[in-house]
Amino acid sequence: MNLAFVESPVQLLNVLEWVHTQGGDDPAATTVVVLPPVDPMSRGQLRRMAELARDEGIAVRWQEARGESGAPLKALRALAGLVRRADHIVIGDPFSRYVQLLLTLVRADRLTVVDDGTATMEFVAQLARGERLTRWHRRGRTGPRELVLAPVTATARRRFTPTARHTVEVFTAMPVEAPPGVTVTPNTFAWTRARFGPPSIGKGADLVGTSLVETGVVDPVPYQEAVASLARTHGATRYFAHRRESAEKLHALEAATGLEIVRPDLPLELIARRGPIGRTIVSFPSTVVHTLPLALAGTGVNVAVCDIAPEWLRATASPRAQGFLSGVTETARGVQRLTSTAHA
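Residues numbered from 1 in each chain as written. Predicted model: local features only at pLDDT ≥ 70, side-chain atom pairs only at ≥ 80, totals over all residues. Heavy atoms only, no water.

In this section: the overall build of the protein chain. A tally of helices and strands in the protein chain yields twelve helices and 13 strands. For the protein chain, the C-alpha radius of gyration of 20 Å lies close to 20 Å, the compact-globule estimate for 344 residues. Taken over the C-alpha atoms alone, the protein chain extends approximately 55 × 45 × 40 Å along its principal axes. Residue burial in the protein chain is summarised as follows: out of 344 residues, 55% are buried. Restricting to contacts in the protein chain with at least 6 residues of sequence separation, those with at least 24 account for 71%. Approximately 14,600 Å² of the protein chain is accessible, and the part contributed by carbon and sulfur atoms is 52%. (Helix = DSSP H or I, 4+ residues; strand = E, 2+ residues; numbered from the N terminus. Rg over C-alpha atoms; globule rule 2.2 N^0.38 Å. Buried < 20%, exposed > 50% of the residue type's maximum accessible area, 1.4 Å probe, protein only. Contact = heavy atoms within 4.5 Å. Areas by Shrake-Rupley, 256 points an atom, 1.4 Å probe, with all protein chains shown as cover.)

Set out below in structure tokens:
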């Protein structure tokens with residue numbers, strides 16, 4: 001049995017893409033456990049993605065592991081037997097402390113990591129360097145919580161290291177180099193292209209939002225100014241909001257730019273593939289500058305990416321932020337590069 005753990009809509013999409021690549025394997029051989037976050041936008045998209053997974057014949061289990069007191073341990077007890085019986089474990093977020101906790105129960109000798117966006121790039125790089133797993137936008141401080149969870153993280157780190165009896169696969173659309181012993185399988189979004197589209201294409205442009213303000217990386221003022229400038233330059237009329245963007249920020253953007261704010265009910269790869277979509281899609285450095293060219297291959301849609309200028313970063317941003325964001329842009333294939341100085 002294949003057992004997958006997902007915590008975001010994009011992770012569940014990438015599990016569907018992974019199942020699609022398994023050829024003769026019966027989709028019913030895969031069970032997806034959804035560990036939903038608390039924010040309504042993510043939960044709504046996850047419910048829609050769960051419907052698509054069930055339509056493919058995949059079993060989906062919705063397991064609350066956050067929110068109320070005691071939920072994490074209650075979920076852990078409920079899932080323990082399922083985890084121990086699995087032959088193949090598939091996860092979407094190797095940085096998740098809860099997923100790392102579940103990995104301490106794993107007996108399977110096969111592990112697959114599917115994309116959780118650009119975080120996959122940092123995960124593979126840290127794995128290759130033998131570093132402690134830390135999200136790129138965190139400053140890397142070791143607090144009491146990290147000290148308590150250190151043994152869990154260390155166990156997970158060993159699970160991500162292949163051995164003679166334990167295989168590790170990374171299924172990704174990101175440009176990564178495989179660490180020794182790790183198999184990298186390219187995600188070409190074949191399932192998405194087979195199930196949806198081709199889309200109807202308009203004449204204008206669409207903007208794609210980012211949660212860099214919410215994660216404390218980018219200051220909101222230059223971000224709003226850049227969005228307004230990009231909208232004017234490219235004739236954009238719609239702004240596709242990231243699921244973690246705050247309502248307050250989106251209201252301010254709408255008032256300042258006149259853009260129609262769209263809150264997608266599915267990951268943008270599916271929204272764009274279904275259409276209608278603009279002739280040009282403009283994004284800041286994010287997952288979509290790597291995934292949309294694949295999902296929209298052959299449609300004639302142009303994907304453009306605007307760099308993040310160093311002066312847009314908050315003083316409290318991680319020292320790694322600028323380098324990581326530049327790497328996301330520089331390694332994107334088949335996209336148009338836009339300079340941030342033109343939109344400062």
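Two elements in contact, helix α8 (residues 220–234) and helix α9 (residues 247–257), have axes whose closest approach is 10 Å; the angle formed by their N-to-C orientations is 45°. In terms of orientation, α8 lies oblique with respect to α9. Read as a crossing pair, α8 and α9 show a hand that is right-handed. For the pair α8 and α9, contact is made by Tyr223, Gln224, Val227 and Ala228 and by Lys249, Ala252, Leu253, Ala256 and Thr257, respectively. (Axes fitted to C-alpha atoms, helices over the stretch in contact; angles between N-to-C directions. Parallel < 35°, antiparallel > 145°, perpendicular 65-115°, else oblique. Left-handed = near helix turned anticlockwise from the far one by under 90°.)

With that settled, the discussion passes to the pattern of salt bridges. Should their charged atoms come close, side chains of opposite charge can pair. Applying the stated criterion across every chain yields a total of twelve salt bridges. A salt bridge links Arg238 to Asp206; the shortest N-O distance between them is 2.8 Å. Of this pair, Arg238 sits in strand β9 (residues 236–240) while Asp206 sits in strand β8 (residues 205–208), placing them 32 residues apart in sequence. The exposure classification of Arg238 matches that of Asp206, with both residues buried. Its salt-bridge partner being Lys249, residue Glu245 comes within 2.8 Å of it at the nearest N-O pair. Residue class for Glu245 comes out buried when judged on its relative accessible area of 3%. Overall, the relative accessible area of 11% leaves Lys249 in the buried class. (Salt bridge = Lys/Arg side-chain N within 4 Å of Asp/Glu carboxyl O.)

Spanning 16 residues, helix α2 (residues 40–55) covers 23 Å between terminal C-alpha atoms, matching the ideal 22 Å at 1.5 Å per step. Buried residues of α2: Met41, Ser42, Arg43, Gln45, Leu46, Met49, Ala50, Leu52 and Ala53, and no others. Contacts from the buried residues of α2 go to α1 (9–20), β2 (30–34), β3 (59–62), α7 (190–195) and α10 (268–274). The positive-phi residue at the C-terminal boundary of α2 is Gly57, with phi of around 90°. (Expected span 1.5 Å × (residues − 1).)

If you look at the biggest cluster of nonpolar residues, it comprises 83 residues, and the most contacted ones within it are Phe5, Ile89, Ile91, Phe123 and Phe160. Residues Ala241, Leu253, Ala309 and Trp312 belong to the second largest nonpolar core, which totals 28 residues. (Core = buried A, V, L, I, M, F, W, Y, C linked by side-chain atoms within 4.5 Å.)

Strands sit in the order β3-β2-β1-β4-β5-β6-β7 across an open sheet of seven strands; the sheet is parallel. Of all strands in the sheet, those with a lone pairing partner are β3 and β7 (183–186), marking the two edges. Here the strands of the sheet are splayed against their neighbours by 20° on average, with no regard to which way each runs. Relative to β7, strand β6 (residues 167–172) runs parallel, the two sharing four bridges. Paired with Glu169 across the two strands is Thr183, which belongs to β7. The strands touched by α1 within the sheet are β1 (2–6), β2, β4 (88–91), β5 (110–114) and β6, with β1 carrying the most contacts at an inclination of about 155°. (Pairing = 2+ DSSP bridges.)

With that settled, the discussion passes to α9. Considered for burial, the residues of α9 that qualify are Lys249, Leu250 and Leu253. Burial along α9 is one-sided: seen end-on, the buried residues are contained in an arc of 95°. Turned more than 90 degrees off the buried face of α9, the exposed positions are Glu248, His251 and Ala255. In this structure, the buried residues of α9 make contact with α8, β9 and β10 (260–262). Of the residues one or two after α9, Gly258 is the one with positive phi, at around 80°. (Arc of directions from axis to C-beta.)

Turning our eyes to something else, we now look at the side chain of Glu7. Here Glu7 is to be found in the loop between β1 and α1. We classify Glu7 as buried; its relative accessible area is 9%. With near-sequence residues (within four places) excluded, Glu7 lies in contact with Leu35, Pro37, Leu46, Arg66, Asp93, Ser96, Tyr98 and Val99.

Strand order in the open sheet formed by six strands is β10-β9-β8-β11-β12-β13, and the pairing between neighbours is parallel. On the outer flanks of this sheet lie β10 and β13 (336–338), each paired with one strand and no other. The average undirected angle you get between the axes of adjacent strands in this sheet is 25°.

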